[in-house]
Amino acid sequence: MPFSSLGFSPALLPALLRAITEKGYSAPTAIQAEAIPAVLQGRDIVASAQTGSGKTAAFALPLLHQLAEAPAGSPRRVRALVLVPTRELAAQVGEAIVSLAQHLPQRLKVAVVFGGVSINPQMMNLRGGADIMVATPGRLIDLIEHNALTLSAVGLLVLDEADRLLDLGFGEELARLLALLPARRQSLFFSATFPPAIEALAAGMLHEPVRIEVQAAPQAEPDIVQRAIEVDPRSRTQLLRHLVQTEKWDRVLVFVATKHAAEIVADKLRKADIQAEPFHGELSQGKRSQVLQDFKLKAVQVVVATDVAARGLDIAQLPAVVNYDLPRSSVDYIHRIGRTGRAGETGIAISFVSAATEAHFRLIEKRQKSSLPREQVAGFEPVEVQAPSALDPAGTGGIKGKRPSKKDKLRALAAEK
Ligand code: AMP
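Basis of the calculations
- Residues numbered from 1 in each chain as written.
- Predicted model: local features only at pLDDT ≥ 70, side-chain atom pairs only at ≥ 80, totals over all residues.
- Heavy atoms only, no water.
- Helix = DSSP H or I, 4+ residues; strand = E, 2+ residues; numbered from the N terminus.
- Buried < 20%, exposed > 50% of the residue type's maximum accessible area, 1.4 Å probe, protein only.
- Contact = heavy atoms within 4.5 Å.
- Pairing = 2+ DSSP bridges.
- Axes fitted to C-alpha atoms, helices over the stretch in contact; angles between N-to-C directions.
- Phe/Tyr/Trp six-rings, centres within 6.5 Å; stacked < 30°, edge-to-face > 60°.
- Lys NZ or Arg CZ within 6 Å of the ring centre and 35° of its normal.

Enquirer: I tried to follow the environment of alanine 15 on my own but got confused; where do I start?
Expert: The topology assignment puts alanine 15 in helix H1 (residues 13–23). Alanine 15 sits in the buried class, given a relative accessible area of 10%. Put simply, alanine 15 and proline 105 are 90 residues apart on the chain and 7.6 Å apart in space, counted from C-alpha to C-alpha. When near neighbours in sequence (up to four residues on either side) are disregarded, alanine 15 contacts His103, Leu104 and Pro105.

Written out as structure tokens, the structure reads:
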């Protein structure tokens, strides 16, 4: 089905199609084909949307259409609010909306606000109002408390990555914001997962929603080759260097468990003349934006990141992701590897597995219903074997939920004495 049959009005279709074509989209992804007509009909939607499915345009296009069709209020009040969990996603969604709006007959002002940067420029920018606000919840509340804006004219609300919003502890802020919105409004709810807390949130804020659960369409299905390489922890940086050089990736996103590890690994790579930068939550917002910008422009070859980068980042044509440290859960695994193989491109996701983490990786595989052959790379064959220890009698390698209890630890201490 082409974009032209999704229900856009003839008056706005040419401007939207022009922007869509400039973005290089030839046909709607599955979620766009289902969500756009429903939103244009004024329905609430609840969509289970995976990373890379094209969900941003699935809400941005009909949102722009609704605003462009209705006469703008005066003075400019926020008419559409998009809540997102992270600064990076806010910037990314804001950019997507601006580029899709660029040929519309009326100029729609998009304001993007997030924490971690000075509030003053954001307040100044809001002086003339804004039609569309893309925001993280905490900063939005700050701005409302500073009387920089009101939400009383919001007719359309989008919650993007709702599960992540709750994971990051934004539940209370969300409740406060929802209470400030007009009861009569259209709401669009996107989430990758639907645990009970998310179902409850959706049930509380949606009115007879259209449920959208799309099987990933061929052009949207991430094409990711997953591999697992056995390596001892101490040889990982060397192996990473070797892979960067031999696999000829122009860019690779490497995931580690801690900020400290991100700094150390990036540093070691730099010493080996590889352009590498750490990326984690303790860097200033300016530094984080700079690293992402350089990565997009290919001025940086390797970004070594904590899970801060696992969701929401969209770097076109990222060829490879490496799990230097394994993720804690299979959900995190999916989000990490989703950074590659975006929108029909192929990608490669490599996980480093050691004797100590083998059991944990098997659990991730089991949850994913997959089983990857273990590979070894010549010169980096592991020598370590996992001896069942007193603290880890089951040899689980520290799987979440199977950590030794306090009692186990006391017993182990007593045994050592
Ligand atoms: P999202 O899931 O919104 O983060 O989008 C994932 C990627 O797919 C982004 O790079 C989008 O620019 C791209 N994309 C969105 N819609 C389409 C489409 N209809 N055809 C091709 N690529 C798309």
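Enquirer: I'm lost on the sheet that holds strand S1 (residues 45–48) in this one. Help?
Expert: Ordered by their spatial adjacency, seven strands build an open sheet running S3-S4-S2-S5-S6-S1-S7, and the pairing between neighbours is parallel. Among the strands making up the open sheet, the edge pair consists of strand S3 (110–113) and strand S7 (210–213). Taken over all neighbouring pairs, the strand axes of this sheet differ in orientation by 10° on average, direction set aside. For S1 and strand S6 (residues 186–191), the ladder comprises four bridges, and the chain directions are parallel.

Enquirer: What am I meant to see in the pairing of strand S5 (residues 156–159) here?
Expert: The side chains of a regular strand alternate between the sheet's two faces. Across the two faces of S5 the burial is the same, with Leu156 and Val158 and Leu157 and Leu159 all buried. Taken together, the four bridges between strand S2 (residues 80–83) and S5 define a ladder with parallel strand orientation. For valine 82, the partnering residue across the bridge sits in S5 and is valine 158. In this sheet, S6 lies alongside S5 in parallel orientation, the contact comprising four bridges. Looking across to S6, one finds that leucine 159 is bridged to phenylalanine 189.

Enquirer: Explanation requested: the packing of aromatic side chains in the structure shown.
Expert: Pairs of aromatic rings are described using the distance from one ring centre to the other and the angle between the two planes. Summed over all chains, the structure comprises four aromatic pairs. Both rings, one in phenylalanine 189 and one in phenylalanine 194, keep their centres 6.4 Å apart while their planes meet at 40°; by these two values the pair is tilted. Exposure remark for phenylalanine 189: the relative accessible area of 0% places this residue in the buried category. With 6.1 Å between their ring centres and 50° between their planes, tyrosine 324 and phenylalanine 352 make a pair best called tilted. Of this pair, tyrosine 324 sits in the loop between strand S12 (320–323) and helix H13 (330–337) while phenylalanine 352 sits in strand S13 (residues 346–353); the two residues are 28 residues apart in sequence, bridging distant segments of the chain. When the ring centre of phenylalanine 194 is taken as reference, the NZ or CZ atom of arginine 211 above it lies at 5.8 Å. The cationic tip of arginine 251 hangs over the ring face of phenylalanine 295; the distance from NZ or CZ to the ring centre is 5.4 Å.

Enquirer: Sorry if this is basic, but what is going on with the side chain of threonine 306 here?
Expert: Tracing the sequence through the fold places threonine 306 in the loop between strand S11 (302–305) and S12. Here threonine 306 falls in the buried class, since its relative accessible area comes to 9%. Not counting the four nearest positions on each side in its chain, threonine 306 is found in contact with Phe255, Val256, Thr258, Lys259, Phe279, His280 and Gly281.

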